[in-house]
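Results of the structural survey
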Amino acid sequence: MKTALSFLTTRYGIWVLAFLILVVAPAATLYFMVDLRERLWTYLGYGYIPVGAWLAAFVASLFFARQSFREYPHYWVGSALLVMAVLGGLSLVYPEFGALDEVGMSGSWGSYFGGFPLLFGVLKILGILLLMGLVFLYRGYVTGSETSGVILAYAGAGLIAIGRGIAALPGLLAGAIRGMRSGKGEPEPAVASNVNEMLGGEDLRLEETEIASVNGASFDDGKTASEWQLPSLNLLEDGTVTTAPQETLSEMSECIESTLADYGVDVSVKDVKTGPRIIRFGLEPGRITKSRDSKGSDEKTSVDMGRVKVQSIVAREADLALALKTSSLRIQPQVPGEGFVGLEVPNPSPSVVPLKSVVTNPEFQKIVKHGGLPIALGQDTGGNPVVANLLSLPHLLVAGSTGSGKSVCINSVVMSLLLSNRPDRLRMLMVDPKRVELTPFNGIPHLYAPVIVDPEEVLDVLAALLREMFHRYKLMEDIGVRNIVGYNDKSEEKMPYALLIIDELADLMMTSGFEVEQALVRLAQLGRATGIHLILCTQRPSVKVVTGLLKANIPGRIAFAVASQVDSRVILDGSGADKLLGKGDMLYLSAQSPTPQRIQGTFVADSEFDSVIDYWKEQKGPPLPEMSLTEDEEDEEYEREADDDELLVKAREMCEKYDHVSPAMLQRRMQIGYTRAMQLLEMLEEEGVVAAGDPGKSRQVVKAG
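Heads up: these notes are all about the structure in this document. Within every chain, residues take consecutive numbers counted from 1 along the sequence as written. Only residues with pLDDT of 70 or above have their local features reported here, since the model is predicted, and side-chain atom pairs are shown and tallied only from 80 upward, although totals for entire chains, interfaces and linings are computed over all residues. Side-chain metrics rest on all non-hydrogen atoms present in the structure, leaving aside hydrogens and water.

1. Here we look at unusual backbone geometry
The linkage connecting L393 with the following residue, P394, adopts the cis geometry, with an omega of -10°. Under the DSSP-based scheme used, a helix requires at least four consecutive residues in state H or I and a strand at least two consecutive residues in state E, with every element numbered from the N terminus. Among the secondary structure elements, P394 is positioned in the loop between strand 9 (385-389) and strand 10 (396-399). Look at K583: it is not a glycine, yet its phi comes out positive at around 55°. Positionally, K583 belongs in the loop between helix 23 (565-572) and strand 15 (585-589). Think of it in three bands: residues with accessible area under 20% of the maximum for their type are buried, residues over 50% are exposed, and the middle band is partly exposed, with areas taken using a 1.4 Å probe on protein chains only. Classification of K583 as exposed rests on a relative accessible area of 67%.

2. Details of the sheet that holds strand 2 (residues 278-285)
Taken in spatial order, the 4 strands of this open sheet run 1-2-6-5, and their pairing is antiparallel. This sheet does not close on itself; its edge strands, each paired only once, are strand 1 (267-274) and strand 5 (330-332). Within this sheet the neighbouring strands show an average axis-to-axis angle of 25°, counted without direction. Pairing analysis gives 3 bridges linking strand 5 to strand 6 (residues 341-346), with the strands arranged antiparallel. Directly across from Q332, in strand 6, lies its bridge partner G342. Note: two strands are recorded as paired if DSSP finds a minimum of 2 bridges between them. Lines are fitted to the C-alpha atoms to define the axes, a helix being fitted only along its stretch in contact, and any angle between axes, read from their N-to-C directions, falls within 0 to 180 degrees.

3. A look at a negative patch on the surface
A contiguous patch of negative charge on the surface is contributed by D606, D610, D614 and E618. The topology assignment puts D606 in helix 24 (residues 606-618). Under the relative-accessibility criterion, D606 is labelled exposed at 63%. Patch building starts from residues that exceed 30% relative accessible area and form no salt bridge, then joins like charges within 9 Å and nonpolar side chains (Val, Leu, Ile, Met, Phe, Trp, Tyr) within 5 Å. For accessible areas, the Shrake-Rupley method is used with a probe of radius 1.4 Å. Any residue's cover is judged against the shown protein chains and nothing else. Only one rule defines a salt bridge in this text: a Lys or Arg side-chain nitrogen within 4 Å of an Asp or Glu carboxyl oxygen. Within this scheme the basic residues Lys and Arg register as positive and the acidic residues Asp and Glu register as negative, but His and the chain ends are omitted. Where a charge lies is defined by one atom per residue type: Lys uses NZ, Arg uses CZ, Asp uses CG and Glu uses CD.

4. A look at the environment of D507
Assignment of secondary structure puts D507 in helix 21 (residues 505-526). The exposure class of D507 is partly exposed, given its relative accessible area of 29%. Along the backbone, D507 and P433 are 74 residues apart, and their C-alpha atoms lie at a distance of 7.1 Å.

5. Brief notes about the nonpolar core
The term nonpolar core refers to a set of buried residues drawn from Ala, Val, Leu, Ile, Met, Phe, Trp, Tyr and Cys, joined through side-chain atoms within 4.5 Å. Within the largest apolar cluster, 58 residues are counted, with the highest numbers of intra-cluster contacts made by L418, M428, M430, F441 and I558. Those residues in contact with L418 that sit more than four places away from it in its chain are L230, P231, M428, F441, I444, H446, V612, I613 and W616. L397, V458, L520 and L534 belong to the second-largest nonpolar core, a separate cluster that totals 34 residues. Should any heavy atoms of two residues lie within 4.5 Å, those residues are counted as being in contact.

6. Section: the packing of aromatic side chains
The way to describe two aromatic rings as a pair is by their centre distance and the angle between their planes. Centres within 6.5 Å make a pair out of two Phe, Tyr or Trp rings, where for Trp the six-membered ring is used; the pair is then stacked when the planes are under 30 degrees apart, edge-to-face when over 60, and tilted otherwise. Counted under the stated rule, the structure contains 2 aromatic pairs. Summarising the aromatic geometry, the rings of F441 and F609 are spaced 5.0 Å apart at their centres and angled 75° between planes, so their arrangement reads as edge-to-face. Taken together, the residues F441 in the loop between strand 11 (426-431) and helix 19 (458-479) and F609 in helix 24 connect sequence positions 168 residues apart. Per residue, the accessibility class of F441 equals that of F609, and both read buried. Measuring from ring centre to ring centre gives 5.6 Å for Y615 and W616, while their planes differ by 80°; the resulting arrangement is edge-to-face. The rule for a charge over a ring is simple: NZ of Lys or CZ of Arg within 6 Å of the ring centre, and within 35 degrees of the ring normal. Against the face of Y448 rests R427, its NZ or CZ located 4.5 Å from the ring centre.

Below, the structure written as structure tokens:
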């Protein structure tokens, strides 16, 4: 050690060190760590300023003032300790933005010298400052040492070891306390098995506060844990994955190139990505060349006429389908982020996407850790898991014909939420006019009420959600916050997220189309800030069911296989869904992805479904906040009378303008339902404003005088 440090103080050692710092280190960094800037920001944060200043002074002294290491070693050791103390102080400040909102302003490294719990962090900083004072007070001992680098190295390593040891004390104390509470001599493991598996280790143990962060339970304030326990991922099946042989992929690539070459279209397959149901070939257009006679000679020269047009590739879709012996092809004129044309061909060896393969993905865990509502969608054409956060969608429209996989998708969405959210954090309302798809969820604690199967009760449910939304706005106004996250941070009584799932929207639009649409649009416009989200499903994506006003407020959409391009345009505002394969093959569109993304949806086996549902049904926990689905009779009567008075005034004004008034006219002009229009006509008839007549037909207005 001393010999190596002595060599570094010589001229050759300095040049070797400079070569390592200026050449080898950047080259290795660019090779192994492309995202160095992001990593350093996560590791150091704003601590790069004192650390960078100290390192700059150290390197400058190596070149221009090497004698300072022997004459003033206590300055170097003391300044290093001061930098550690500054890092510890920055670690106590948590900004509300970026990647430092969880590790503090000095990054993850700064937590070794400070961090939380606050008491231990302050004690570590005071210990470092005390050690720095001792270094300057007894600088004679430091000056007498042969090499200050040895002291600096031992001091840094010792401080890091002490910091890690002190940081582990809260976990040990918490485990001991839990063990005493449970009546056992040994500390009790504080985590559920599913959390350990999600973090990649069976024997990994975390504190309860860290478990709450991983599982996205924002109700856990770091001091107490929820009494509800999340189910284990062992309830899910691993599934089997099959891939197409490499020989098959090579044959398909050669077939594509040769088929297009027969029609004078020069392309080369540059990229092949295999998904569970789809194989995507990346076609790079070639160059068009023509031969011309050279002047003064019999030789011909080739002239570059430009690149092959993408439209010429798209026009050969039917020929490619015939050559590949398939009836379903989809061509993307431009793959987002890539420089080639995408050709999607059905996989000759299709496989099912198990829910567990997506739930255990790091992206899913990241959403859970940051307190989101993760949804496991499936795998893309390259076999990569695709996860969405319902909080950022914030609403979802699902459409597809019978047998396309729509119901399985809804089950996967609900299962994803049940695996990652406790009932004191997420409550649900389900509407199932078909009575078979969502009714198995009856009995889980997440439901506000049993699954609604009567279409006549849906208006009451929507009215209850509207009342709940405005009540939440009133609570947030009293505290002075803008959304549910700010409310839960400041209020002791946490506000759970609310999710409304409607399985068949078309049945509701047939019975009470205008009232249902108005309520859903209102919830979609204002519900996000209060934590109310919508998932609407339909088998008939027509303009009468999925209206333009409804689509404008629901940016997140999933389209399964449909019958025609017209239905596809209703859902996605473009074609593509009419060429899907069915059985979970979908196109996903969100505000974050302007072009539809093709995904193979996850599959939930009946055994997995029953295991998770039975787990939640058998679990007993503390009381949960309820929501009344029926309005008080006095308030309902008062509101009805107020609405009737206002509408009656408008109806009288219409009678003054027109000679005849019909229920259809009142519906159209006043935006009300047929029942309310007939009630207004009867009231006008009793007042003598309109003449008596047959119900539903036009009435003549009785003019005064």
